[in-house]
Amino acid sequence: MMKTAAHYLLLCAIAVICVFPFWWTLVTAISTEGNIFAFPPTFWPQQPSFENFVEVFKAIPIWSFFRNSVLIAACTVFWKLALCSAAAYPLARMRFKGRKLVFGLILATLVLPSEVNFLVNFITVTKLSLVDTYTGVILPNVVTAVAILLLKQAFEEVPQDLIDAARVDGASEWTIFSRIMLPLIAPWLATVGILTAVEAWNEYIWPSIVMSKPDEFPLSVGVLYLRGTFGSSTRVIAAGTILTILPTLAAFLFTQRFFMRGMDGAVK
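Sequence order as written defines residue numbering, which begins from 1 separately in each chain. In view of the model being predicted, local features appear only for residues whose pLDDT reaches at least 70, and side-chain atom pairs are presented and counted only at 80 or more, with totals across whole chains, interfaces and linings using the full set of residues. Calculation of side-chain values draws on the structure's entire complement of heavy atoms; hydrogens and water are dropped beforehand.

- As recorded in an unreviewed UniProt entry, the protein goes by the name ABC transporter permease subunit, listed as coming from Duganella vulcania.
- UniProt positions are given in the numbering used here, feature names are shortened, and annotations may be inferred rather than shown by experiment. Its UniProt record gives the protein the following Subcellular location (unreviewed entry) comment, quoted word for word: "Cell membrane".
- Here is the UniProt Sequence similarities (unreviewed entry) comment for the protein, exactly as written: "Belongs to the binding-protein-dependent transport system permease family."

In structure tokens:
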């Protein structure tokens, strides 16, 4: 009993630590009075109002930024699922010379921070004339080692007898991949898709490097215009931050069951 209580206390403490930054930002966004940086901080809004959110819509073209973010996230998810599943299937189910070496090299990229690739990626998109384009933002993020690893594990959990039976019936590798394997690993595809969508939505550094036209900025970059327009209005900046976060929270809440099914399969 005491052990269970200790576990719940630990989980509650972790939950408070995770939720506090979001709650403090929300309180700041809907408050109109009080010292934002007071210590101890205020945990409840004072004179709550949505006027800070109204100011955000007046200050920046937030719907345009929102549309750009949706486009970038949707294209990134589509191409990552297509390319990473196509890469993971042969690594999981085909036997060819150098397969382990290729997979080892892919895993080796996990030790490198993403910022290491910025210079090479920028030179590449410049040579391809993709600067100031959505393709330039999307292209470096469509293949990642984590996605290939998760999908490879998913393909390996499909019974080999099912694949052998399809081959006996005359099915081609493409038919097995597209008509049998992909539907069976749908929860894993959903997991990778959700993680990719959140990552693409929150991406800030790379889009700010590649894009220079304000009307094409995603929401994560465009919302920083509030800092220049309202240099002293931390409440308006907090309101813009909340508007940026809400879509990812809503998407995760609606797709949570797919995410948990995929993670459960990955653990097994």
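Continuing now.
## Re the packing of aromatic side chains
Piece 1. A pair of Phe, Tyr and Trp rings is counted when the ring centres sit within 6.5 Å of each other, with Trp represented by its six-membered ring. The angle between the planes then sorts it: under 30 degrees is stacked, over 60 is edge-to-face, the rest tilted. Under the criterion given, the structure shown has 10 aromatic pairs.
Piece 2. Both rings, one in tryptophan 63 and one in phenylalanine 66, keep their centres 6.0 Å apart while their planes meet at 80 degrees; by these two values the pair is edge-to-face. Here tryptophan 63 and its partner phenylalanine 66 are both found in helix α3 (residues 62–93), 3 residues apart, which amounts to about one turn of the helix.
Piece 3. Under the scheme applied here, a residue whose accessible area is under 20% of the maximum for its type counts as buried, over 50% as exposed, and between as partly exposed, the area being computed with a 1.4 Å probe on protein chains only. By relative accessible area, tryptophan 63 is classed as exposed at 59%.
Piece 4. Residue class for phenylalanine 66 comes out partly exposed when judged on its relative accessible area of 29%.
Piece 5. Through pairs of rings, three or more aromatic residues link up here, namely Phe57, Trp63, Phe66 and Trp201. Each helix corresponds to a stretch of at least 4 residues labelled H or I by DSSP, and each strand to a stretch of at least 2 residues labelled E; elements are numbered beginning at the N terminus.

## So, helix α2 (residues 51–59)
Piece 1. Within the sequence span of α2, burial applies to Asn52, Phe53 and Val56. Down the axis of α2, the buried side of the element spans an arc of 100 degrees, and every buried residue falls inside it. Directions pointing from the helix axis toward each C-beta atom define the arc.

## Thoughts on the nonpolar core
Piece 1. By nonpolar core is meant a set of buried Ala, Val, Leu, Ile, Met, Phe, Trp, Tyr and Cys residues that side-chain atoms within 4.5 Å join together. Core analysis: the biggest nonpolar cluster contains 28 residues, and Phe53 and Val56 have the highest contact counts within it.
Piece 2. Those elements that place two or more of their residues in this core are α1 (2–30), α2, α3, α5 (118–127), α6 (134–138), α11 (205–210), α12 (219–222) and α14 (234–254).
Piece 3. Per element, the largest residue contribution to this core is 5 residues, and it comes from α14.
Piece 4. Only heavy atoms matter for contacts: two residues are in contact if any of them lie within 4.5 Å across the pair. Discounting chain neighbours no more than four positions away, the residues touching phenylalanine 53 are Ala29, Ile30, Ala239, Ile242 and Leu243.
Piece 5. Tyr89, Leu91, Leu150 and Ile176 belong to the second-largest nonpolar core, a separate cluster that totals 24 residues.

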